[in-house]
Amino acid sequence: MLADERAAVCEYARRLSSDGLVVGTSGNISARSGELIAVTPTGVDYGVLTPEDIPVVSLDGSLVEGQLRPTSEMPMHLAVYTKATDPDGAPVTAVVHTHSVHATAVSTLVDEVPAVHYMLATIGPSARVAGYATYGTEELASSMLAALEGRRGCLLGNHGTITYGEGLAAAYSRAEQLEWLCHVWLLARSAGTPRVLPPWEIAHVVEKLRGYGQK
């Protein structure tokens, strides 16, 4: 069941660790196909994960296949799949949640990621910081949804990041871009007062990105 999605979740979960976006078993990843979701299990070293270890759950969170319990952050994943809407109407088929260092640091400082680079537009007109709530709770899922409105990702206050996309490659790339942006801002801020791009320029790049790349 969901063999391709389970294999992809394993692959990207291992990348979370190797790319420095998580430490230990923190963070989580999921991929959706139809009414089912393949998601990382809770408390398992990503380096030893196999596709058979990946639980498959329904859109109400019920375990459909697998021996391991799904991530404790299931409420966030389910909220994205059932309530978030891509700004361009693209299907939402993958979610990536990280504890990346620089983005987490920025989430303790501001309510919105400063526009120090035009690649902020990969998330949307801005990247908000969701108000803090205890991990694994419906309160956190609700706070996240508010920050995601009209966006493809956000920071989670004093916690990390969450991004989504049509496929794991898109969702993961947005998580990487968000971490990179936060790193750039922190470096610039440590040396002085960063110049930021105006909202109209980010909105302009949002439009340009709609036609970017090979189709």
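Residues numbered from 1 in each chain as written. Predicted model: local features only at pLDDT ≥ 70, side-chain atom pairs only at ≥ 80, totals over all residues. Heavy atoms only, no water.

## Here's the deal with the packing of helix H1 (residues 3–18) against helix H5 (residues 168–191)
Here is step 1: Here H1 crosses H5 at 15°, and the two axes come no closer than 11 Å. What the angle tells us is that H1 and H5 run roughly parallel. Every pair of crossing elements has a handedness; the one defined by H1 and H5 is right-handed. On H5, the residues that touch Ala-8, Val-9, Tyr-12, Arg-15 and Leu-16 of H1 are Leu-168, Ala-169, Tyr-172 and Glu-176.
Here is step 2: The residue inventory of the contact of H1 with H5, partitioned by class, reads seven nonpolar, no polar and two charged. (Axes fitted to C-alpha atoms, helices over the stretch in contact; angles between N-to-C directions. Helix = DSSP H or I, 4+ residues; strand = E, 2+ residues; numbered from the N terminus. Parallel < 35°, antiparallel > 145°, perpendicular 65-115°, else oblique. Left-handed = near helix turned anticlockwise from the far one by under 90°. Contact = heavy atoms within 4.5 Å. Nonpolar A, V, L, I, M, F, W, Y, C, P; charged D, E, K, R; others polar.)

## Re the packing of aromatic side chains
Here is step 1: Under the definition given, this model contains one aromatic pair.
Here is step 2: Each ring, one from Tyr-12 and one from Tyr-172, has its centre 5.3 Å from the other, and the planes form 55°; the classification is tilted. With Tyr-12 in helix H1 and Tyr-172 in helix H5, this residue pair connects regions lying 160 residues apart in the sequence. Accessibility assignment for this pair places Tyr-12 and Tyr-172 in one class, buried. (Phe/Tyr/Trp six-rings, centres within 6.5 Å; stacked < 30°, edge-to-face > 60°. Buried < 20%, exposed > 50% of the residue type's maximum accessible area, 1.4 Å probe, protein only.)

## Here we look at the nonpolar core
Here is step 1: Grouped together as the largest cluster of nonpolar side chains are 23 residues, with contacts concentrated most on Val-80, Met-144, Leu-156 and Ile-162.
Here is step 2: In terms of residue count, helix H2 (residues 74–83) provides more of this core than any other element does, six residues in total.
Here is step 3: Look past the residues within four positions of Met-144 in its chain and what remains in contact with it is Met-76, Ala-79, Val-80, Ala-130, Cys-154, Leu-156 and Ile-162.
Here is step 4: Formed by 22 residues, the second largest nonpolar core is a distinct cluster that contains Leu-2, Tyr-46, Leu-168 and Ala-175. (Core = buried A, V, L, I, M, F, W, Y, C linked by side-chain atoms within 4.5 Å.)

## Observations concerning the UniProt feature "domain: Class II aldolase/adducin N-terminal" (unreviewed entry) in the protein
Here is step 1: Residues annotated in UniProt with the feature "domain: Class II aldolase/adducin N-terminal" (unreviewed entry) correspond here to residues 7–186.
Here is step 2: Strand forms 18% of residues 7–186 and helix 32%; the C-alpha atoms that close the span are 35 Å apart. (UniProt positions renumbered as here; feature names shortened; annotations may be inferred.)

## Here's the deal with helix H6 (residues 199–209)
Owing to its 3.6 residues per turn, the α-helix brings residues three or four apart onto one side.
Here is step 1: Among the residues making up H6, those that are buried are Ile-202, Val-205 and Val-206. Each buried residue of H6 lies within a common arc of 110° when the element is viewed along its axis, so the set occupies one face. Set apart from the buried face of H6 by more than 90 degrees, the exposed residues are Trp-200 and Lys-208. (Arc of directions from axis to C-beta.)

## Here's the deal with the sheet that holds strand E6 (residues 129–130)
Here is step 1: With respect to topology, eight strands assemble into an open sheet ordered E4-E3-E2-E1-E5-E8-E7-E6, the strand pairing being mixed. What marks the edges here is a single partner per strand, and that holds for strand E4 (63–65) and E6.
Here is step 2: As defined by bridge partners, E6 adjoins strand E7 (residues 153–156) across two bridges and the pair is classed as parallel. For Val-129, the partnering residue across the bridge sits in E7 and is Leu-155.
Here is step 3: Across the sheet, H1 is in contact with strand E1 (28–33), strand E2 (36–39), strand E3 (56–58), E4 and strand E5 (94–98); its angle to E1 comes to roughly 160°. (Pairing = 2+ DSSP bridges.)

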